[in-house]
Amino acid sequence: MLALSRSVHDQMVAHCLVGLPEEACGLLGGDPATGEALTCYPTGNLASSAKVYTVDPRDHLFADRDAEANGRSIIGVFHSHTHTEAYPSPTDVAQAPDPSWHYVLVSLRDTEPVVRSYRIADGLVTEETVRMTAG
Amino acid sequence: MPVQVHLPTVLRSHADGAKTVSVEGSTVGEVLTALVAAYPGMSGQITDDSGALHKFVNVYVNDDDVRYLSATATPVTTSDELSILPAVAGGAVGV
């Protein structure tokens, strides 16, 4: 389960909307033990594409340091799908870097953004519950 | 000389859960070789058989991606910190 505060949710969706027409991406800082995402780190998309994304490695480095300095970790990544549903593509599955992470998809296909979260391990995709929390 | 290496979560299980380890080396390549020698579980996860960095891994000396320096030949001193992070990429291509 991924616990997502309203503020993290809103920052994530806003970053994805601002990134249109390209895919947008970012990282989530939080507590790996509880699956609580407490910080949204919007990052650049080095791929500058509507179909693929690459988290800017320097943004990743600074997000990782900030999370660690606050006693947290990077616990997942989010990115937008501009014209498809919020489900990991074969590319997402093939390139998933860490089986302990939460993989959040923000679909902007419909008028209302759709946020869903997955675990990806050994090529297997499992959807998980997203619990919205206060904050 | 010892260099601090900051590990990503995905590699920490191979180093008894340590976030940072200290290994010897005077270049990035020497440090990574020493790291894998000390923690064989990381073998094949950072560099390929020729010693080149895998494309799905980013290595930094302090704030700088070593690909923009001299890659594995980049010199390091005991005051430098190496960070290893996974490259994070994907997308809806092919859909």
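See the structure printed just above.
Keep in mind the model is a prediction, meaning the values are calculated, not measured.

The rules behind the values
- Residues numbered from 1 in each chain as written.
- Chains lettered and ligands numbered in written order.
- Predicted model: local features only at pLDDT ≥ 70, side-chain atom pairs only at ≥ 80, totals over all residues.
- Heavy atoms only, no water.
- Pairing = 2+ DSSP bridges.
- Helix = DSSP H or I, 4+ residues; strand = E, 2+ residues; numbered from the N terminus.
- Axes fitted to C-alpha atoms, helices over the stretch in contact; angles between N-to-C directions.
- Contact = heavy atoms within 4.5 Å.
- Buried < 20%, exposed > 50% of the residue type's maximum accessible area, 1.4 Å probe, protein only.

On to the sheet that holds strand β3 (residues 36-43) of chain A. Residues and elements named next belong to chain A. Taken together, eight strands build an open sheet; the order of strands is β8-β7-β6-β5-β2-β3-β1-β9 and the sheet is mixed. At either margin of the open sheet sits one strand with a lone partner, and together these are β8 (124-128) and β9 (130-133). In this sheet, neighbouring strand axes are inclined to one another by 35° on average, regardless of whether the strands run parallel or antiparallel. Of the pairings in the sheet, the one linking strand β6 (residues 102-107) to strand β7 (residues 114-121) comprises five bridges and is antiparallel in character. Its bridge partner lying in β7, leucine 105 is registered against arginine 116. Sheet strands in contact with helix α2 (residues 57-69) are β2 (25-31), β3 and β5 (73-81), and its direction is about 140° off that of β5.

All right, on to the environment of A:Gly135 then. Residue and element names in this part refer to chain A. With respect to the secondary-structure elements, glycine 135 resides in the segment after β9. For glycine 135, a relative accessible area of 66% corresponds to the exposed category. In this structure the C-alpha to C-alpha distance between glycine 135 and threonine 54, which are 81 residues apart in sequence, comes to 29 Å. If we ignore the near neighbours within four places in the chain, the residues touching glycine 135 are Ser5, Arg6 and Ser7.

Another point: the pairing of β8(A). Residue and element names in this part refer to chain A. Examined bridge by bridge, β7 and β8 share five bridges and lie antiparallel to one another. Considered in β8, the bridge of alanine 121 is made with leucine 124. Joining the antiparallel neighbours β7 and β8 is a turn of two residues, in which aspartate 122 adopts a positive phi near 55°.

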